[in-house]
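Per-entry structural report
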Amino acid sequence: MNEEFSYERYQRQIILKEFGETGQQKLLRAKVLVVGAGGLGCPVLQYLAAAGVGTIGIVDDDTVSLTNLHRQVLYSVNDIGLPKADRAAAVLRGLNPDINIIPYNGRLTVENALEIFRSFDVVVDGTDNFSTRYMINDACVLSGKPLIYGAISQFEGQVTIFNASRGNDDLPVNYRDLFPEPPKEDEVLNCAEAGVLGVLPGIIGTMMANETIKLITGMGEPLINRLLTFNALNNQVY
């Protein structure tokens, strides 16, 4: 990773008075871990890499399949059968060779989560199963890491930031505060079972990337302790 950023590459965001060179330097120094390089992870990874986040980790133990391609637009038919973490890292290096991309081509577990999280400032949860979501949340709480959370199903998605403070007297809220108990088996269907509109993870994943950038740079009002829900059928946001 270069110690100095390319002004030409990032010029359009640097000229924003709310962002500036200070914001770009904050991104350059930031280390973000994205767990899951699927429907949500793909747009998160693409926009964080393009924005100039200095170090991006990718955790995924899956391989690319044909059923992924209608929504996981980081990949192509030539990638079918290849590890997602490795392929995502290769594509992102082509997009921005000036940053550091670290693929973890394996499953995140209770045995390795804290060790992996230790090297990063922010964790982004792009997974699609409840057991992993609770594990990621718990590891973020134990390690004191902010968690950018997103979830999608059919036509609806959610975004929020857990385990972070807004700088006032509010205590950080984590995933278990909102959802104390995991749903019962087969109570909530995943995307493979319920389906998902292909553009939805792109919309929600881009929102997650936006919240990550806001949190790192201090711009605007990040979705800390606030859950945003978006419906793609009627464009309702609540």
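As a starting point, this report considers the structure included with it. Quick caveat, the model's predicted, so the values are computed rather than measured.

Before going further, it helps to spend a moment on the pairing of strand 1 (residues 31–35). In terms of burial, strand 1 is a largely internal element, 4 of the 5 residues being buried. Pairing analysis gives 5 bridges linking strand 1 to strand 2 (residues 55–59), with the strands arranged parallel. Among the inter-strand pairings, V32 is bridged to a residue of strand 2, identified as I56. Running through helix 3 (residues 41–51), the crossover from strand 1 to the neighbouring parallel element strand 2 is right-handed.

The next subject is the packing of helix 3 against helix 9 (residues 200–217). Running from amino to carboxyl end, helix 3 crosses helix 9 at an angle of 40°, the nearest separation of the two axes being 8 Å. In terms of axis orientation, helix 3 runs oblique to helix 9. Note that helix 3 runs across helix 9; the crossing there is right-handed. Here P43, V44, Y47, L48 and A51 of helix 3 lie close against helix 9, whose contacting residues are P201, G202, G205, T206, M208, A209, T212 and I213. Taken together, the residues of the contact of helix 3 with helix 9 sort by class into 9 nonpolar, 4 polar and no charged.

The subject of this paragraph is the side chain of T217. Within the secondary structure, T217 sits in helix 9. Every residue in contact with T217, bar those within four places of it in the chain, is listed here: F19, G23, K26 and L27.

Applying the stated criterion across every chain yields a total of 7 salt bridges. Its salt-bridge partner being D61, residue R107 comes within 3.1 Å of it at the nearest N-O pair. Of this pair, R107 sits in the loop between strand 3 (100–104) and helix 5 (113–117) while D61 sits in the loop between strand 2 and helix 4 (84–95); the two residues are 46 residues apart in sequence, bridging distant segments of the chain. Using a relative accessible area of 38% as the deciding quantity, one classes D61 as partly exposed.

Another aspect to go through is helix 6 (residues 130–143). Across its 14 residues, helix 6 extends 20 Å between first and last C-alpha, which sits within 8% of the 20 Å expected from 1.5 Å per residue. Among all positions in helix 6, only T132, R133, Y134, M135, I136, N137, A139 and C140 are buried. Elements in contact with the buried residues of helix 6: strand 1, helix 5, strand 4 (122–125), strand 5 (147–153) and helix 7 (175–178). One or two positions beyond helix 6, positive phi appears at G144, with a value near 70°.

Turning our eyes to something else, we now look at the sheet that holds strand 2. The sheet built from 7 strands is open, its strands ordered 3-2-1-4-5-6-7 with mixed pairing. The open sheet has two edge strands, strand 3 and strand 7 (228–231), and neither has a second partner. On average, each strand axis in the sheet is tilted by 15° relative to the strand beside it, whichever way the strands run. Pairing of strand 5 with strand 6 (residues 156–162), which is carried by 7 bridges, proceeds in the antiparallel orientation.

At a closest axis distance of 9 Å, the pairing of helix 2 (residues 20–29) and helix 9 adopts a crossing angle of 105°. Classed by the angle they form, the pair helix 2 and helix 9 counts as roughly perpendicular. Mapping the contact onto sequence places G23, K26 and L27 in helix 2 and I213, I216 and T217 in helix 9. Looking at the contact of helix 2 with helix 9, its residues break down into 3 nonpolar, 2 polar and 1 charged.

When its volume is computed, the largest pocket comes out at roughly 1,200 Å³. What lines the largest pocket is a set of 49 residues, and nearest its centre among them are T127, D128, N129, R133 and N190. In terms of residue count, the dominant contributor to the lining of the largest pocket is strand 5 (4 residues). Tallied by class, the residues present in the lining of the largest pocket amount to 18 nonpolar, 17 polar and 14 charged. Of the pockets and cavities examined, the second largest pocket occupies roughly 180 Å³. Lining the second largest pocket are Q13, L16, F19, Y47, A51, T206, A209, N210, I213 and M219. Considering every element that reaches the lining of the second largest pocket, the biggest residue donor is helix 9, with 4 residues.

Scoring rules and cut-offs
- Residues numbered from 1 in each chain as written.
- Predicted model: local features only at pLDDT ≥ 70, side-chain atom pairs only at ≥ 80, totals over all residues.
- Heavy atoms only, no water.
- Buried < 20%, exposed > 50% of the residue type's maximum accessible area, 1.4 Å probe, protein only.
- Helix = DSSP H or I, 4+ residues; strand = E, 2+ residues; numbered from the N terminus.
- Pairing = 2+ DSSP bridges.
- Right-handed = clockwise from strand over helix to strand, strands pointing away.
- Axes fitted to C-alpha atoms, helices over the stretch in contact; angles between N-to-C directions.
- Parallel < 35°, antiparallel > 145°, perpendicular 65-115°, else oblique.
- Left-handed = near helix turned anticlockwise from the far one by under 90°.
- Contact = heavy atoms within 4.5 Å.
- Nonpolar A, V, L, I, M, F, W, Y, C, P; charged D, E, K, R; others polar.
- Salt bridge = Lys/Arg side-chain N within 4 Å of Asp/Glu carboxyl O.
- Expected span 1.5 Å × (residues − 1).
- 1 Å grid on protein atoms, 1.4 Å probe; cavity = no way out; pocket = protein on both sides within 12 Å on 5 of 7 lines; lining within 4 Å.
- Points joined across faces, edges and corners; volume = space filled by probe spheres on them.

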